[in-house]
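Architecture at a glance
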Amino acid sequence: MRKFLVMASGFFCLFLSAQAQGPKKNVDKVVAVLGNNIILLSELNQQYAQYLNGGNPDDPKVKCYILQQMLTQKLLKQQAEIDSVMVDESQVDDEVDRRMRSMISKAGGQERLETFLNRSVLQYKDEIRPDLKEQLISNKMQQKITENVNVTPLEVKRYFESYKKDSLPDIPTEFEIGEIVLHPKLTKAEKQKFYDKIDALRLRVKSGEDFAFLAKSYSEDGGSAPDGGDLGFFDRQRMVKEFTAQAFKLKPGELSPVFESEHGFHILQVIERRGEQVNARHILIKPQTTPASLERVKLQADTIYRNLIGKKIPFSAAASLYSDNKESQYNGGMLLYSDDVSQRTTFIPADKLDPKVFLVVDTMKVGGISSPVAFSDPDGKEGFKILYLKSKIPPHKGNLDQDYAKFKERAQQDKINLKLSEWFEKRRESTYIRIDVDYDDCDELKIWSKNSKK
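Right, let's walk through the structure included here. (Residues numbered from 1 in each chain as written. Predicted model: local features only at pLDDT ≥ 70, side-chain atom pairs only at ≥ 80, totals over all residues. Heavy atoms only, no water.)

A few words on the sheet that holds strand S11 (residues 382-393). Strand order in the open sheet formed by four strands is S9-S4-S11-S10, with antiparallel pairing between adjacent strands. Single-partner strands in this sheet number two, and they are strand S9 (348-349) and strand S10 (373-376). Strand direction decides the pairing type here: strand S4 (residues 174-182) and S11, joined by nine bridges, are antiparallel. Within S11, the position partnered with Glu-174 by the bridge is Ile-393. Sheet strands touched by helix H11 (residues 291-309): S4 and S11. Its angle to S11, the strand with the most contacts, is close to 30°. Of the strands in this sheet, S4 and S11 touch helix H12 (residues 315-322), which is tilted by about 40° from S4. (Pairing = 2+ DSSP bridges. Helix = DSSP H or I, 4+ residues; strand = E, 2+ residues; numbered from the N terminus. Contact = heavy atoms within 4.5 Å. Axes fitted to C-alpha atoms, helices over the stretch in contact; angles between N-to-C directions.)

What follows concerns the layout of surface pockets. By volume, the second largest pocket is sized at about 890 Å³. Of all the secondary-structure elements, those providing two or more residues to the lining of the second largest pocket are helix H2 (41-53), helix H3 (62-83), helix H4 (89-107), helix H6 (121-146), helix H15 (400-429) and helix H16 (446-449). For the lining of the second largest pocket, the residue count by class is 11 nonpolar, 15 polar and four charged. (1 Å grid on protein atoms, 1.4 Å probe; cavity = no way out; pocket = protein on both sides within 12 Å on 5 of 7 lines; lining within 4 Å. Points joined across faces, edges and corners; volume = space filled by probe spheres on them. Nonpolar A, V, L, I, M, F, W, Y, C, P; charged D, E, K, R; others polar.)

For the rest of this paragraph, the subject is the pattern of salt bridges. Think of it this way: side chains of opposite charge can pair up when their charged atoms draw near. With the rule as written, the count across this model stands at 31 salt bridges. As a salt-bridge pair, Arg-129 and Glu-89 come within 3.0 Å of each other at their nearest N and O atoms. With Arg-129 in helix H6 and Glu-89 in helix H4, this residue pair connects regions lying 40 residues apart in the sequence. Across the pair Lys-197 and Glu-220 runs a salt bridge whose closest N-O atoms are separated by 3.9 Å. Highlighted residues: Lys-197 in helix H8 (residues 188-206) and Glu-220 in the loop between helix H9 (211-218) and strand S5 (230-234), separated in sequence by 23 residues. For Lys-197, a relative accessible area of 39% gives the class partly exposed. When salt bridges that share partners are traced, they join Glu-89, Asp-93, Arg-129 and Lys-133 into one network. (Salt bridge = Lys/Arg side-chain N within 4 Å of Asp/Glu carboxyl O. Buried < 20%, exposed > 50% of the residue type's maximum accessible area, 1.4 Å probe, protein only.)

It is worth spelling out the state of the cysteines at this point. This structure, assessed with the given rule, holds one disulfide. In this model Cys-64 forms its disulfide with Cys-442; the gap between the sulfur atoms is 2.0 Å. The chirality of the disulfide connecting Cys-64 with Cys-442 is left-handed, given an S-S dihedral of about -55°. Of this pair, Cys-64 sits in helix H3 while Cys-442 sits in the loop between strand S13 (433-435) and H16, placing them 378 residues apart in sequence. A relative accessible area of 4% places Cys-442 in the buried class. (Disulfide = S-S within 2.5 Å.)

Right, let's get into the nonpolar core. Ranked by size, the top nonpolar core spans 44 residues in total, and within it Leu-67, Leu-71 and Ile-435 carry the most contacts. Of the residues forming this core, the biggest block, nine residues, is contributed by H3. When sequence neighbours within four positions are dropped, the list of residues in contact with Leu-71 reads Ala-32, Leu-34, Ile-39, Ile-435, Leu-445 and Trp-448. (Core = buried A, V, L, I, M, F, W, Y, C linked by side-chain atoms within 4.5 Å.)

The next point concerns empty space enclosed by the protein. Counted according to the given criterion, the structure contains two cavities of 30 Å³ or more. Quantified by volume, the largest cavity comes out at close to 90 Å³. Around the largest cavity, the lining residues are Asp-97, Met-100, Arg-101, Ile-104, Val-121, Lys-125, Gly-222, Gly-223, Pro-226 and Asp-227. Counting residues per element, the ones that place at least two in the lining of the largest cavity are H4 and H6. Here the lining of the largest cavity is composed, by residue class, of four nonpolar, two polar and four charged. The computed volume of the second largest cavity comes to approximately 30 Å³. What lines the second largest cavity is simply Ile-435, Tyr-439, Asp-440, Cys-442, Leu-445, Lys-446 and Ser-449. Of the residues that constitute the lining of the second largest cavity, the class distribution is four nonpolar, one polar and two charged.

As a further point, take the side chain of His-396. Position of His-396 among the secondary structure elements: in strand S12 (residues 396-397). When its relative accessible area of 15% is taken as the criterion, His-396 is described as buried. A distance of 2.9 Å separates the side chain of His-396 from the backbone oxygen of Pro-394, its partner in a polar contact. Within polar-contact distance, the side chain of His-396 engages the side chain of Asp-403 at 2.9 Å. (Polar contact = N/O pair within 3.5 Å; in protein donor to acceptor, adjacent residues only side chain to side chain.)

Remember, this is a structural readout, not a statement about activity or role.
In structure tokens, the structure reads:
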């Protein structure tokens, strides 16, 4: 270990020396060293810029918290390398795309985001990809550390009893709600104009026009259109079956025929193939709802509603047969809720419900079924819902009879936190750590600096 510490310290000095010899405008200060990993000021500032882009106020003290998170991530990554913990590149691609969609939405559009970042979205995606990959690896390592942590009923009871009576949490009104979601189904004739539109784009590609330009101009896939339709590398499990069937039978450069999936009409072009992964780009045209199709689905919803009220079919069976919500279809139509916990529940706090759903169920009696309600999903897709109120629990002080699952989750999270705290304490004691003196006033970093090897 002594030899390792000396080597790490030497690396730190050599890096600073090399930086000092370059032009001043290119100097990038090292703010922390952990083992054989370094954290640069530019990396810290980049994450702070992401914090600001989220609409948060300018507060330099936040950098203390960010640096603490970066040190935590480096320590987990270091152990992940030892334990050979890795993530698939497709997972990294998904996370990069998800992050960019969120940032574009918060910034109010791609152009505004690019103005704020002073670079293109494509450039920024390349910049953040290594860090996001490291985050995913660190998260996976953390899950490995805590994978065997469980709590017994006795531990849950003791956790509950650790609360003082006047400090028990207030549990808000909760609902258990089922839904049957019905989207309009277009006839072949209604779909034809959308098919013709994408087929015309396919002919333009065939005649030599640039696929990426056409994707940017016409594709209705908001996630990939800004990148010229490029979806990055993906495996057979990531895409819907119709997309996978086309992507994995084409050679690089080949163009698919027009095909349809649940998302709409596509054409795709394979860019590259690496074993069981394909990099492809596509153009998507989404068929739009027509008044006639809405009328048809309304009649269907009315019929299902009458059969439910007349007790000709149970709600769970109707959800399984007719609902277009794949997440709840085979769960008896019941909606599930998860608030950053490992277990999902059918009990949903009132303030977490879709306001339009809340307005309907709040006036219903337990066991009641609503008449069809018109709605639009986040993508603008219209349809009708039939809602079922299975139960409604009024606000109350937390207790084991009604809230056992909640206290079990909290007790388990406490046990997980203790396990992680012990793990980090042990690793910090045996790892070379050096933090720049500019951050000596950061309370969040004192637990790291007290164990630092100076």
